[in-house]
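# Topology and contacts: notes
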Amino acid sequence: KTGGPSAYQIFFDEANQRIGLKPTAQGIRGCYHAELRGRHGGRRIMAFPIIAECRLVLPYTLQFPLIEVDPDGILILDLRTAVANPTSVAAIRKREAAKPKIEDGPQPPART
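Here's a quick rundown of the structure. For clarity, every value in this text was computed on a predicted model and none was experimentally measured. (Residues numbered from 1 in each chain as written. Predicted model: local features only at pLDDT ≥ 70, side-chain atom pairs only at ≥ 80, totals over all residues. Heavy atoms only, no water.)

### Here we look at the side chain of Asp78
For clarity, the threshold we go by: Per the convention used, a helix needs a DSSP run of H or I reaching at least four residues, while a strand needs a run of E reaching at least two, with both numbered from the N terminus. For this analysis, a polar contact is any N or O atom pair within 3.5 Å, provided that within protein one partner can donate a hydrogen and the other can accept it, and provided that sequence-adjacent residues contribute only side-chain to side-chain pairs. Here, two residues are considered to be in contact whenever any of their heavy atoms come within 4.5 Å of each other.
Residue placement: Asp78 occurs in strand β7 (residues 75–78). Among the polar contacts listed, one links the side chain of Asp78 to the backbone nitrogen of Arg80, at a separation of 3.0 Å. Apart from the residues within four sequence positions on either side, Asp78 is in contact with Asn16, Gln17, Arg18 and Phe64.

### Some details on the layout of surface pockets
Applied cut-off: Cavity: a set of points on a 1 Å grid over the protein atoms alone where a 1.4 Å probe fits but cannot get out. Pocket: an open set with protein on both sides within 12 Å along at least five of seven lines, its lining residues, like those of a cavity, having an atom within 4 Å of a point. Grid points are joined across faces, edges and corners, and a volume is the space filled by probe spheres set on the points. Note that Gly is not counted as nonpolar here; it falls among the polar residues with everything else outside the nonpolar set of Ala, Val, Leu, Ile, Met, Phe, Trp, Tyr, Cys and Pro and the charged set of Asp, Glu, Lys and Arg.
Here the largest pocket defines a volume of roughly 1300 Å³. Arg43, Arg44, Ile45, Thr61 and Leu62 are, among the 37 residues lining the largest pocket, the residues nearest its centre. Those elements that place two or more of their residues in the lining of the largest pocket are β1 (7–13), β2 (18–24), β4 (42–45), α1 (48–53), β5 (62–63), β7 and α2 (86–98). Along the lines of polarity and charge, the residues of the lining of the largest pocket split into 24 nonpolar, 9 polar and 4 charged.

### Considering the pattern of salt bridges
The test is simple: One side-chain nitrogen of Lys or Arg within 4 Å of one carboxyl oxygen of Asp or Glu is enough to make a salt bridge. Throughout, exposure labels follow a simple rule: accessible area from a 1.4 Å probe, protein chains only, divided by the maximum for the residue type, with under 20% read as buried, over 50% as exposed, and the rest as partly exposed.
This model, assessed by the stated rule, comprises 3 salt bridges. Among the ionic pairs, Arg44 bridges to Glu35, the shortest N-O distance being 2.6 Å. For Glu35, a relative accessible area of 27% gives the class partly exposed. Here Asp78 and Arg80 are joined by a salt bridge, their closest N and O atoms 3.1 Å apart. The exposure class assigned to Arg80 is exposed, which follows from its relative accessible area of 53%.

### Focus: the environment of Asn16
As for its placement among the helices and strands, Asn16 is situated in the loop between β1 and β2. In contact with Asn16, not counting residues within four places along its chain, are Asp78 and Arg80. Within the local environment of Asn16, its side chain forms a polar contact with the side chain of Asp13, the two groups lying 2.6 Å apart.

### Some remarks on the sheet that holds β2
Let me state the cut-off plainly: DSSP bridges decide pairing: two strands pair if at least two such bridges lie between them. To get an axis, a line is fitted to the C-alpha atoms, and for a helix only the part in contact is used. The angle between two axes follows their N-to-C directions and goes from 0 to 180 degrees.
Taken in spatial order, the 6 strands line up as β4-β3-β1-β2-β7-β6 in an open sheet, and their pairing is antiparallel. The strands lining the two open edges of the sheet, one partner per strand, are β4 and β6 (67–69). If you compare each strand with its neighbour and ignore which way they point, the axes differ by 35° on average.

Scope: geometric values only; no functional claims are made or implied.
Printed below as a string of structure tokens:
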């Protein structure tokens, strides 16, 4: 919907829990690269610095089924309607299951 630019400026509206993505040219200060991802033209934006700055807690990769573009060309992503990416959830569960449990640690020898 934004023409597939190679980078975006990212804004966060804390009151409405919305993220705004404004298309921009790569190399501009504060922009984030949007890399092509997958077979269907999706893009991934690695935006950890802005997430940390805004103190957002996002345990999973998110998908935004409902998006809108405002008159200024800013793509609006609503965190209230976002859903966790199933692949991300499965990977985290698999990683958690592989962690050794405290009970599974070395046991003292049994006394006879």
